[in-house]
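Here's the letter readout for the chains.
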Amino acid sequence: MDYGTTNPDEVIKHARIDKTPTVKISHSDALRCKFELKDTTMDFANTLRRVMLAEIPTIAIDLVQIEENSSVLADEFIAHRLGLIPLNAEGVKKLKSSRECDCDEYCDQCSVTLTLHAKCTGEENMQVVARDLVPAGDRLNDHIGTPVITDADGQGPLILKLRPGQEIKLTCIAKKGIAKEHAKWAPSAAIGYEYDPHNKFHHLDMWYEENPKKEWPPSDYATWEDPPDETQPFQFDAEPTTFYFNVETAGPLAPDAIATEAMEVMMMKLAGLVNELTAGEGGSGANGLESPGFGGGGGDGWQDGYTTPSGFGAGGGGNQSSWGGGGGVTPYGTTPYGGSGAPSW
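Residues numbered from 1 in each chain as written. Predicted model: local features only at pLDDT ≥ 70, side-chain atom pairs only at ≥ 80, totals over all residues. Heavy atoms only, no water.

- In the annotation of an unreviewed UniProt entry, the protein chain is listed under the name DNA-directed RNA polymerase II subunit RPB3 and assigned to Lasiosphaeria ovina.
- On record in UniProt, under Sequence similarities (unreviewed entry), the comment for the protein chain is "Belongs to the archaeal Rpo3/eukaryotic RPB3 RNA polymerase subunit family." (UniProt positions renumbered as here; feature names shortened; annotations may be inferred.)

This is the structure in structure tokens:
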């Protein structure tokens, strides 16, 4: 079976874009940003979208220390809801990650502390909302870590409800992270792009009853491109080079900042790849191809500096299980069966 050419030069020539990619913004506000990405490939457009979704650092509540909880909700349930509250991530690049910081668990250089204390003293149920989270301690600026509140009442997301006499008192530790580790660090929940608004490439087979043009109205970007010329022959091997993005923020960052931050992350990843590929003989090049703050390079990472955002992991000052010990032993010994770690078979 013929799968096409296998000559690398022909493949590169086929996919090459000689022009420099350009960006044209068509709409931008506090919630949404729309822009046109032109003279590039679908590979690049999809890479940009995935980076915007999963690899832009933000800040979210990662640790919850509950002192008093007499509500009907369990501690774990409340902690989960707190982690999903969007926090302002302005200036988050200056905040250290847990992997980079030298503290044991958290400090003012790698975290933001928020407190919550509410007690229902009236006769009706009391709502506890994101506005009740109060930043405490020193912060990099006056905005980072503050709950994002966009509703008309200025309340923010509902955390829980208290009946008369019930009380909730806790401390939250917000840390820096990316959505690839957990969805609570996602800067956006909706990022999409479209291309070929006139369906010139015939990538879509539009089902219709009578008239496809009436039943499938063109998108807003149809006016940005010339309509198809029915007299020209169909080019089955044509590839799209223009993409129309729609970026909607979840609150931590402005939508236009999400796009610019994604570009910077892509540049860093490409620079790391180039450094890895150009490392001379005898040089590991490990300082380039790493996740953000991986541990300073060198070694295999898992033993030389990898930690989770909460500080647990080898090299993070917290590589102990709940049973204690630095060697990862279980309550039964080195293995659940008390052996030295060798398989029983």
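Moving on from the model shown.
## So, unusual backbone geometry
Glycine aside, residues mostly have negative phi, and peptide bonds are mostly found in the trans state.
1) Next: The phi torsion at D39 lies on the positive side, around 60 degrees, for a residue other than glycine.
2) Next: Among the structural elements, D39 can be located in the loop between β2 (32–38) and α2 (42–54).
3) Next: On the basis of relative accessibility, which here comes to 15%, the residue D39 falls in the buried class. (Helix = DSSP H or I, 4+ residues; strand = E, 2+ residues; numbered from the N terminus. Buried < 20%, exposed > 50% of the residue type's maximum accessible area, 1.4 Å probe, protein only.)

## Side note on the pairing of β2
1) Next: Relative to β2, strand β1 (residues 22–28) runs antiparallel, the two sharing six bridges. Bridge assignment links K24 to a residue of β2, and that residue is E36.
2) Next: One ladder, built from seven bridges, connects β2 with strand β10 (residues 242–249); its direction is antiparallel. Its bridge partner lying in β10, L37 is registered against F243. (Pairing = 2+ DSSP bridges.)

## So, the sheet that holds strand β4 (residues 111–119)
1) Next: Spatially, β3-β8-β4-β6 is the arrangement adopted by the four strands of the open sheet, whose pairing is antiparallel. At either end of the open sheet lies a strand with only one pairing partner, and these are β3 (58–69) and β6 (134–136). Taken over all neighbouring pairs, the strand axes of this sheet differ in orientation by 30 degrees on average, direction set aside.
2) Next: Here nine bridges tie β4 to strand β8 (residues 167–177), and the two strands are oriented antiparallel to one another. Paired with H117 across the bridge in β8 is K169.
3) Next: Contacts between helix α3 (residues 75–83) and the sheet are confined to β3 and β8, with β3 contributing the most and set at about 150 degrees to the helix. (Axes fitted to C-alpha atoms, helices over the stretch in contact; angles between N-to-C directions. Contact = heavy atoms within 4.5 Å.)

## Here we look at α3
1) Next: Those residues of α3 that fall on the buried side of the exposure criterion are I78, L82 and G83. Projected down its long axis, α3 carries its buried residues within an arc of 140 degrees, all on one side.
2) Next: Contacts from the buried residues of α3 go to β3, β7 (158–162) and β8. (Arc of directions from axis to C-beta.)

## With respect to the sheet that holds β2
One key point about sheets: their strands pair by backbone hydrogen bonds, in either a parallel or an antiparallel sense.
1) Next: The strand order β1-β2-β10-β9 describes an open sheet built from four strands, whose pairing is antiparallel. Two strands lie at the open edges of the sheet, namely β1 and β9 (188–194), each paired on one side alone. Strand-to-strand twist across the sheet, computed as the mean angle between neighbouring axes with direction ignored, equals 20 degrees.
2) Next: Note: β9 against β10, six bridges, orientation antiparallel. Within β10, the residue paired with I191 across the bridge is V247.

## So, the packing of aromatic side chains
1) Next: Counted according to the given criterion, the structure contains seven aromatic pairs.
2) Next: Ring geometry for Y193 versus F245: centroids 5.2 Å apart, planes at 35 degrees, classification tilted. Of the two residues, Y193 is situated in strand β9 and F245 in strand β10; the sequence distance between them amounts to 52 residues.
3) Next: Look at Y193 and you get partly exposed, because its relative accessible area is 22%.
4) Next: For the ring pair Y221 and W224, a centre distance of 5.4 Å and an interplane angle of 70 degrees mean the geometry is edge-to-face.
5) Next: Of the aromatic side chains, those joined through ring pairs into one cluster are F35, Y193, Y195, F243 and F245.
6) Next: Sitting above the plane of the W185 ring, K184 keeps its charged end 4.9 Å from the centroid. (Phe/Tyr/Trp six-rings, centres within 6.5 Å; stacked < 30°, edge-to-face > 60°. Lys NZ or Arg CZ within 6 Å of the ring centre and 35° of its normal.)

## Here's the deal with the packing of α2 against helix α5 (residues 255–277)
In a pair of packed helices, the angle between the axes and the distance between the axes together describe the arrangement.
1) Next: Here α2 crosses α5 at 110 degrees, and the two axes come no closer than 9 Å. The orientation of α2 relative to α5 falls into the category roughly perpendicular. For the pair α2 and α5, the contacting residues are F44, T47, L48, V51 and M52 in the first and I258, A259, A262, M263, V265 and M266 in the second.
2) Next: Counted by class, the contact of α2 with α5 contains 10 nonpolar, one polar and no charged residues. (Parallel < 35°, antiparallel > 145°, perpendicular 65-115°, else oblique. Nonpolar A, V, L, I, M, F, W, Y, C, P; charged D, E, K, R; others polar.)

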